[in-house]
Structure formats: structure tokens, C-alpha cells
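The primary structure of each chain is shown beneath.
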Amino acid sequence: MSEASTPLSVTVQRGDGDTQHSENFTVPAYENQTVLDVVSWIQQNADATLSYRFACRVGMCGSCAMMVNGVPRWTCRTHVNKVLEDGSLKIAPLRNLPVIKDLAVDMDPFFDKWVAAEAVHHPTRGREDEIARIDPADAARQTANAGIECINCSVCYAACDTVAGNPDYLGPAALQRAWTLLNDAKDGDREGILAAVSGSGGCHNCHSMGSCTMYCPNELDPMSAIAGLKRETMRGFFKGRG
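Just so we're clear, the structure is a prediction, and the values are computed from it rather than from any experiment.

## Side note on the environment of Leu89
So, point 1. Looking at the secondary structure, you find Leu89 in strand β5 (residues 88–92).
So, point 2. C-alpha separation for the pair Leu89 and Val38, spaced 51 residues apart in sequence, amounts to 9.6 Å.
So, point 3. Residue contacts for Leu89: discarding those within four places in its chain leaves Ser9, Val10, Thr11, Val38, Val68, Asn69, Val80, Val83 and Leu84.

## Overview of the side chain of Lys113
So, point 1. Take Lys113: it is sitting in helix α3 (residues 108–116).
So, point 2. Despite being buried, Lys113 has no salt bridge partner; Asp168 is the closest side chain of opposite charge, sitting 6.5 Å away.
So, point 3. In contact with Lys113, not counting residues within four places along its chain, are Tyr157, Pro167, Asp168, Tyr169, Leu170 and Ala174.

## Looking at the pairing of β5
So, point 1. Pairing of strand β1 (residues 8–15) with β5 involves 4 bridges; the strand directions are parallel. Directly across from Val10, in β5, lies its bridge partner Leu89.
So, point 2. For strand β3 (residues 65–68) and β5, the ladder comprises 2 bridges, and the chain directions are antiparallel. When the sheet's bridge partners are listed, Met67 is paired in β5 with Ala92.

## Let's talk about the sheet that holds strand β4 (residues 71–74)
So, point 1. Reading across from one edge, β2-β1-β5-β3-β4 is the order of the 5 strands in this open sheet, with mixed pairing throughout. Strands at the two margins of the open sheet, each flanked by one partner only, are β2 (20–27) and β4. On average, each strand axis in the sheet is inclined to that of its neighbour by 35°, with strand direction left out of account.
So, point 2. Lying on the sheet, helix α1 (residues 35–46) is in contact with β1, β2, β3 and β5; it crosses β2 at an angle near 90°.

## Focus: the packing of α3 against helix α7 (residues 172–182)
So, point 1. Axis separation between α3 and α7 bottoms out at 8 Å; the angle between their running directions is 30°. Classified by the interaxial angle, the pair formed by α3 and α7 is roughly parallel. Here α3 runs over α7; the crossing is right-handed. Counted together, Phe110, Lys113 and Trp114 of α3 and Ala173, Ala174 and Arg177 of α7 form the full contact between these two elements.
So, point 2. Its residues placed into classes, the contact of α3 with α7 shows 4 nonpolar, no polar and 2 charged.

## So, the nonpolar core
So, point 1. Ranked by internal contacts, the top residues of the largest apolar core, which has 59 residues, are Val10 and Val38.
So, point 2. Of the residues forming this core, the biggest block, 7 residues, is contributed by α7.
So, point 3. Setting aside residues no more than four positions away along its own chain, Val10 makes contact with Glu23, Asn24, Phe25, Val27, Val38, Ile42, Leu89 and Ile91.

## Thoughts on the pairing of β3
So, point 1. Neither face of β3 is left uncovered, since the one carrying Ala65 and Met67 and the one carrying Met66 and Val68 both have all their residues buried.
So, point 2. With 4 bridges connecting them, β3 and β4 associate as antiparallel partners. Bridge assignment links Val68 to a residue of β4, and that residue is Val71.
So, point 3. Between β3 and β4, which follow one another and run antiparallel, lie 2 residues, and Asn69 among them has a positive phi close to 50°.

## Things to note about the side chain of Thr11
So, point 1. Along the chain, the position of Thr11 falls in strand β1.
So, point 2. With near-sequence residues (within four places) excluded, Thr11 lies in contact with Ser22, Glu23, Asn24, Leu89, Lys90 and Ile91.

Cut-offs and rules
Residues numbered from 1 in each chain as written. Predicted model: local features only at pLDDT ≥ 70, side-chain atom pairs only at ≥ 80, totals over all residues. Heavy atoms only, no water. Helix = DSSP H or I, 4+ residues; strand = E, 2+ residues; numbered from the N terminus. Contact = heavy atoms within 4.5 Å. Buried < 20%, exposed > 50% of the residue type's maximum accessible area, 1.4 Å probe, protein only. Lys, Arg positive; Asp, Glu negative; His and termini not counted. Salt bridge = Lys/Arg side-chain N within 4 Å of Asp/Glu carboxyl O. Pairing = 2+ DSSP bridges. Axes fitted to C-alpha atoms, helices over the stretch in contact; angles between N-to-C directions. Parallel < 35°, antiparallel > 145°, perpendicular 65-115°, else oblique. Left-handed = near helix turned anticlockwise from the far one by under 90°. Nonpolar A, V, L, I, M, F, W, Y, C, P; charged D, E, K, R; others polar. Core = buried A, V, L, I, M, F, W, Y, C linked by side-chain atoms within 4.5 Å.

Read these as layout, nothing more, since geometry by itself doesn't imply function.
Here is the structure:
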């Protein structure tokens, strides 16, 4: 890659959950440079103490997600020339999650909410049983398939203003997974899922702003999944009153 004549001005949010500050770096600009390339250059050439996460570099693991100029993104798939603002970058840890150090956040609250939403498979058969046959053309199966490409990157969680205002809200990723399992014929706890997502931090907290769907790097639609949960929980509510 050829180096550009004008270097990048990069501001990185540093520190831990208690104290944070911004530091400025001047980084060489290259063609086809990603934001993860920029962060790696800083760690390798300017400050070896910079903490951040990455693994695959090809948009498969989701671990490199950060805030880039105020927007949650996979940094490995975000090209610098598409997100520069006045020739500069501002890189920060994901919003709505505790900061461990610098650009690395604590993902425990995110995954705890998956468990709270019953967004875990509830098997109907044991390992010795024959595998259930599922018609791929079935409408419920297709609905379930729509959300299975979620890789738990928490970009939608960081984008969600409801999570920012209500820490108890389960969040779009957990609720989308709950919707996937609700439509999965192999899952055995439909009532448990509906009970979990209809509580005080559940699906009815969603304001349908759509940030989760807008920023999902895999082009999934958590907002529609949450709308589906709202419909099903209300059906159960009115059915129970009948």
C-alpha cells in the first residue's frame, strides 16, 4: 500500500471505567486502510499500552467493534476513507457497556441479558433421539432463520438509546435471539421465553427507533423481531384474560 501525503489525525478515548481521557495521534494514511489498521498502528508504533480487541479481521467474530466518530462499527470492515470527518477520526469504546481499559469493554452485561431473556436453546430431544425434521420452507422456520446470523458483536446494543436510558432493558440482540427461538420448532420453552421478554426490562420498553436495525453490520432486523415479541406477548395477555 502506498502512503498518502497527508497523515490522519486520530483521537482515541483512553482509560478505564472510572477515569477516561482523550489522546491524539498522528497516523500514516494508506489506501484501503481500515479503522482496525489505524488502531493496530497506534498500538504497534506509538503506544504499546493501548488495549483493544480483535480476532478474525474479516467480519466474522465481531470482537473489534468500537465507536467510530460516534457510530458503533466493526473496525475491521470500516474503511477510513468512508468515515473520515474533516480528515480526522474519533475512536472510543462501545457505548452502553462498562469499560475495562481503553477500547476494550466488559461484555458480561450483554451476555447476562441473553440468559435473562431465555435466549438460550431449550431442547426437546436428547442426544440419543433422532434429529427432528424441519421443513426449511415452513414460515416459522424462515422467520427463525432471519436472525441466526447474529454474531454477538453488540453493535446494536451500543446503538440502542433505550439501553442508554434504561440499564435494565434486555436490548435488541437478546430479544432478537429470543424471537428466533420462539419460532424454532426445536425449542421447548415458548411460555418461558414469552414470560422472560414481557417483564420490566423486556420488549415493551423498545421505542422502535430502529438504531439496532440501522447499524447492524450483518443487515439483520432486530426491531422487527422485537415487534414480533410485542405481538406475541400481547396475544398471550389477552388470551389469558379471555
